[in-house]
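Each chain is listed here by its residues.
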Amino acid sequence: MITVRDVESFLYTWAPAGLASSWDNVGLLVGDPVREVKKILTTLDITESVVEEAVQTGADLIVSHHPVMNCAWHPVQTLRSDDRQGRILTGLVENRISAICMHTNLDAAEGGVNDVLAEKLGLLDTQPLTEEKIGRVGTLKCELPLVDFTRFVVELLGCNGLRFTDCGKAVHRVAVGGGACGDYIAQAIALGCDTFVTSDLRYHDFLDTKELNLIDAGHFPTEQVIVPELCRRLQAAFSAVSVSTSISHKSEVIQYCI
């Protein structure tokens, strides 16, 4: 029998809890550690639609990247049905669906978010962007004009669009940071990058950065790349368990971005 704790333990061998930022909340956040798992749903975020999908498909466990509660943007002080987060948590508990969340530890882990993102964009000889192993830096096989590279990013990440600024350099040495990594622009410059692909960049990030091209490809596209990998690894580790990727959350985000 495969239990929720078995799945959590496996995920921690890939992305140890010690890699998580101090403010983060990772691991089993909702549910019974000893409950049997027969079906897992993987997703970037646990939304109301994802919970409903889990109910309809009979999933015992949701594995997500973003924490469902008690982190920088999802503090829990109440559990009420007239609150969006309260409805999500109540839906999980009432339907006995467990939730495991692997966030900044999975950003930093080998083979995690940033390694998958770097591989997706064709970067070679990668190394961590920061001392905490957030982000990656690598080189393209050949130099590309910035406009060609932006089209490449849109196609490979499935973006509906992106924002970028041109510092006048061709693209060859590239930093990537899945999700909001604008705080690491200085590190990308220090490591000799000509381009940085990340998301949630601020107006002044574009205005003030002259040393490298900045590309904001969106939070969802730069992190969604990990969900198929989560699904693949879980299915390989637990062949007796059915593992699938949520279609609900992707539809929500695509509709939002258009």
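Note: the structure precedes this text.
Residues numbered from 1 in each chain as written. Predicted model: local features only at pLDDT ≥ 70, side-chain atom pairs only at ≥ 80, totals over all residues. Heavy atoms only, no water.

A. Layout of the sheet that holds strand 5 (residues 124-128). Taken in spatial order, the six strands line up as 5-6-8-9-10-7 in an open sheet, and their pairing is mixed. Of all strands in the sheet, those with a lone pairing partner are strand 5 and strand 7 (163-165), marking the two edges. Mean inter-strand twist for the sheet, computed between neighbouring axes without regard to direction, equals 20 degrees. With five bridges connecting them, strand 6 (residues 136-144) and strand 8 (residues 171-180) associate as antiparallel partners. Note that in strand 8 the partner of Arg136 across the bridge is Val176. Across the face of the sheet, helix 5 (residues 113-120) comes into contact with strand 5, strand 6 and strand 8 while running at roughly 140 degrees to strand 8. Those strands touched by helix 6 (residues 146-157) are strand 6, strand 7, strand 8, strand 9 (195-199) and strand 10 (213-216), and its axis lies near 20 degrees from that of strand 10. (Pairing = 2+ DSSP bridges. Helix = DSSP H or I, 4+ residues; strand = E, 2+ residues; numbered from the N terminus. Axes fitted to C-alpha atoms, helices over the stretch in contact; angles between N-to-C directions. Contact = heavy atoms within 4.5 Å.)

B. Geometry of empty space enclosed by the protein. Under the definition given, this model contains one cavity of 30 Å³ or more. In this model, the largest cavity occupies a volume close to 30 Å³. Lining the largest cavity, in full, are Thr43, Leu44, Phe220, Gln224, Val227, Thr245, Ser246, His249 and Lys250. Secondary structure elements with two or more residues in the lining of the largest cavity: helix 9 (219-224) and helix 11 (248-257). A breakdown of the residues in the lining of the largest cavity according to their chemical character gives three nonpolar, five polar and one charged. (1 Å grid on protein atoms, 1.4 Å probe; cavity = no way out; pocket = protein on both sides within 12 Å on 5 of 7 lines; lining within 4 Å. Points joined across faces, edges and corners; volume = space filled by probe spheres on them. Nonpolar A, V, L, I, M, F, W, Y, C, P; charged D, E, K, R; others polar.)

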